[in-house]
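Coordinate analysis (summary)
Read off the chains here:
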Amino acid sequence: MTIQWFPGHMTSARKKAAETMAVVDVVIEVVDARLPEASTNPMVHELRRQRQRPCLKVLNKSDLADPAATREWITWYDRQPGVRAVAVSGKNAGEVARLPGLCQGLAPHRNDNVKPLRMMIMGIPNVGKSTLMNALVGRRIARVGDEPAVTKSQQSQPLGPRQWITDTPGLMWPKIEHDSDGYMLAASHAIGRNAVIDEEVAVFLADLLLARYPERLSGRYGLAVDGLDGVAVVEGIARRRALRARGGAPDLEKASLVLMQDYRDGKLGRISLETPQTRRAMLERGSGSASETAEPPEIIPGS
Ligand code: G4P
């Protein structure tokens, strides 16, 4: 089954985004550096193509991502026509300050008081759009929050006499095609907790970590990971942390939350859930499983 997650306000947000796109010069598309393609909304690409707008692809939260994977992603995106990619941490004002200049390079003709550069920020919920917007404007205008879809209306702000920027609400799309994308998004908290079962997401995450960063699991939880699968890792975390359900069995739900929170907070080190190679391999297999070994667990449709 596939994750379906499209609250009503997303429909009107899409319509508004399409209208705004008509009157801007450059799209700043924010994605999560740990899962850049899984956190890319295909609707943004489609809207951009209809209007032929160039795109600055911002791989945000790069402080949490594996630097080697991020470098590969930058090369991958820079090869795409009309796209320039940059990795930043939205919490680092100096890095964020580079963004308008990079946008200017994509629309050099918009550079005076009569024709100011008009930019718009797009991206799915929780990738850090509000954080970037606040850093760009130099004050708190957008509400930052770790629950997805906190920003709900568009706001335009001048960045000086020659530049304008418009913030847009987090935009999801109606159907996530690959199960693994749904799991990666849920693990990274771009999909709300009502949409998926924590335990299934944690098992997916554990399988992926076993395949790509097994030493991080042994380092943080003291597990001997050889021969383990994702379920055994979650059980192991429950045991090591003495998390017990009623009757004394390992509390897999609590252990799942521990694993996901540690990943989200960067406590497992800098981790990328996908690379251009794993993405290509997943698409070639036509499956949704991002790690070589993991079988995607069953998934339920969201609300
Ligand atoms: P959104 O507008 O796209 O929905 O995202 P928002 O800016 O609200 O950011 C979502 C969460 O991600 C916030 O965490 C924010 O601080 C965090 N975040 C944004 N950019 C970065 C980044 O580059 N690196 C890291 N590590 N985190 C980032 P929060 O837990 O709600 O708030 P806070 O306690 O971190 O301030």
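Heads up: the structure comes first, above all this text.
Residues numbered from 1 in each chain as written. Predicted model: local features only at pLDDT ≥ 70, side-chain atom pairs only at ≥ 80, totals over all residues. Heavy atoms only, no water.

Concerning the side chain of K61
Mapped onto the secondary structure, K61 falls in the loop between β2 (55-60) and α3 (67-78). One buried charged residue, K61, remains without a salt bridge, the closest side chain of opposite sign being D32 at 4.6 Å. If sequence neighbours within four positions are ignored, K61 has contacts with D32, A33, R34, V88, S89, N126, V127 and G128. (Helix = DSSP H or I, 4+ residues; strand = E, 2+ residues; numbered from the N terminus. Buried < 20%, exposed > 50% of the residue type's maximum accessible area, 1.4 Å probe, protein only. Lys, Arg positive; Asp, Glu negative; His and termini not counted. Salt bridge = Lys/Arg side-chain N within 4 Å of Asp/Glu carboxyl O. Contact = heavy atoms within 4.5 Å.)

Side note on the pairing of strand β3 (residues 83-87)
Where a strand is regular, its side chains alternate between the two sheet faces. Here β2 runs beside β3; their pairing, made up of five bridges, is parallel. Looking at β3, one finds that L56 is bridged to R84. As for the winding sense of the linkage, the β-α-β connection from β2 through α3 to β3 is right-handed. (Pairing = 2+ DSSP bridges. Right-handed = clockwise from strand over helix to strand, strands pointing away.)

Some details on the pattern of salt bridges
Following the criterion strictly, the structure yields eleven salt bridges and no others. When the shortest N-O distance is used, the salt bridge between D25 and R118 registers 2.8 Å. Residue D25 is found in the loop between α1 (8-21) and β1 (26-32), and its partner R118 is found in strand β4 (residues 117-122); the two are separated by 93 residues along the sequence. Under the relative-accessibility criterion, R118 is labelled partly exposed at 26%. Notably, a salt bridge pairs K254 with D251, separated by 3.8 Å at the nearest N-O pair. Connected through salt bridges with shared partners, the residues D25, R110 and R118 form a single ionic network.

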